[in-house]
Amino acid sequence: MTIRTYQGVTPSLGERVFVDETSVVLGDVALGDDSSVWPMAVIRGDVHRIRIGARTSIQDGSVLHVTHASDFNPGGFPLIIGDEVTVGHKAMLHGCTIADRVLIGMGAILLDGVTVEPEVIVAAGALVPPGRTLASGYVYGGNPAKPLRELKDSEREFFAYSAANYVKVKDQHRDGDA
C-alpha cells in the first residue's frame, strides 16, 4: 500500500493531494492541500513527524525522513516543509525545516537541524551539513553548500510558477488525464 499506518498513526492528506501508487507515505505525515508525491518517493514518518505544506511537490525518488528524540538528540528532528516548495528528483531531506517558496534541486541532501528560510534555491547536488541555516534570497550550492549569489527577480517569480505548474500536472494525474 502507498499510504501506510505505522504504530496506529495514519498519514493525513489534505484536499486534492496526489500520491503516486509507487511511492510510500508512512506514519506521522501530513500533506497539505494540492500537494503531490511522485513515483518512488519515500516519506517515512516512523520515528518523528513530517509536515508538508500546500502546493508542495515531492519529486520522483526523493527520500524524506526524520531523527527520533534521544539522549543524543533531545527533541529529535522532525521534517517540516512549507508551502509552494518544489523538491527535485532524488533529493534527500532528513530532519530539517524548509520555509515557503523554496526550490530544492535534484540530488540535493539536507541533513538534521538545517533551516532553509523563504525564497531560497538549493542547487542540484548540494550538500547542506547538519545545523546550517540558509538565509533567504540566495542560491546555495556545493559540498558543503555555500551562498553562490543573490536570487534574480525571475527566480523569485519561478517559485509560484513551479508550484502552480505541479498543481496542474498533479490534477491531470489524479483525474486520469495524464
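Refer to the structure presented above.
Report follows, based on the coordinates. (Residues numbered from 1 in each chain as written. Predicted model: local features only at pLDDT ≥ 70, side-chain atom pairs only at ≥ 80, totals over all residues. Heavy atoms only, no water.)

Quick notes on the pairing of strand E19 (residues 138-142)
Inference 1: The sheet contact formed by strand E16 (residues 120-122) and E19 spans two bridges and is parallel. Note that in E19 the partner of Val122 across the bridge is Tyr140.
Inference 2: Strand direction decides the pairing type here: E19 and strand E20 (residues 145-150), joined by five bridges, are antiparallel. Paired with Val139 across the two strands is Arg149, which belongs to E20.
Inference 3: Hairpin connection between E19 and E20: a loop of two residues separates the two successive antiparallel strands. (Pairing = 2+ DSSP bridges. Helix = DSSP H or I, 4+ residues; strand = E, 2+ residues; numbered from the N terminus.)

Comments concerning the pairing of strand E6 (residues 42-52)
Inference 1: Here seven bridges tie strand E4 (residues 24-31) to E6, and the two strands are oriented parallel to one another. Residue Val29 lies in a different strand from E6, and its bridge partner there is Ile50.
Inference 2: Direction of pairing for E6 relative to strand E8 (residues 63-65): parallel, over a ladder of two bridges. Bridging across to E8, Ile43 finds its partner in Leu64.

Here we look at the sheet that holds strand E5 (residues 36-37)
Inference 1: The eight strands are arranged E3-E5-E7-E10-E13-E16-E19-E20 in an open sheet whose pairing can be described as mixed. Both outer strands of the open sheet, strand E3 (18-19) and E20, are each paired with one neighbouring strand and no more.
Inference 2: The pairing of E3 with E5 spans two bridges and is classified as parallel. Pairing of Val19 across the sheet is with Val37, part of E5.

Structural notes on the environment of Gly75
Inference 1: Relative to the helices and strands, Gly75 is located in the loop between E8 and strand E9 (79-81).
Inference 2: Measuring from C-alpha to C-alpha, the distance between Gly75 and Val42 comes to 23 Å, with 33 residues separating the pair along the chain.
Inference 3: Once you skip the residues sitting within four places of it in the chain, Gly75 turns out to touch His48 and Ala69. (Contact = heavy atoms within 4.5 Å.)

A short note on the side chain of Ser62
Inference 1: Note that Ser62 resides in the loop between strand E7 (57-58) and E8.
Inference 2: Only 3.3 Å separates the side chain of Ser62 from the backbone nitrogen of Ala91, close enough to count as a polar contact.
Inference 3: The contact partners of Ser62, leaving out residues within four places of it in the chain, are Met40, Ala41, Val42, Val87, Gly88, His89, Lys90 and Ala91. (Polar contact = N/O pair within 3.5 Å; in protein donor to acceptor, adjacent residues only side chain to side chain.)

A short note on the packing of aromatic side chains
Inference 1: A full pass over the atoms with the stated rule returns four aromatic pairs.
Inference 2: For the pair Phe18 and Trp38, a centre-to-centre distance of 5.0 Å together with 50 degrees between the ring planes defines the contact as tilted. Note that Phe18 is positioned in strand E3 and Trp38 in the loop between E5 and E6, a separation of 20 residues in sequence. Both residues of the pair, Phe18 and Trp38, belong to the buried class.
Inference 3: Judged by centre distance (6.4 Å) and plane angle (55 degrees), the ring pair of Trp38 and Tyr166 falls under tilted. Of the two residues, Trp38 sits in the loop between E5 and E6 while Tyr166 sits in helix H1 (residues 153-174), which places them 128 residues apart along the sequence.
Inference 4: The partly exposed category is assigned to Tyr166, whose relative accessible area is 22%.
Inference 5: Linked through ring pairs, Phe18, Trp38 and Tyr166 together constitute an aromatic cluster. (Phe/Tyr/Trp six-rings, centres within 6.5 Å; stacked < 30°, edge-to-face > 60°. Buried < 20%, exposed > 50% of the residue type's maximum accessible area, 1.4 Å probe, protein only.)

Fair warning: the whole summary comes from geometry, so function is off the table for now.
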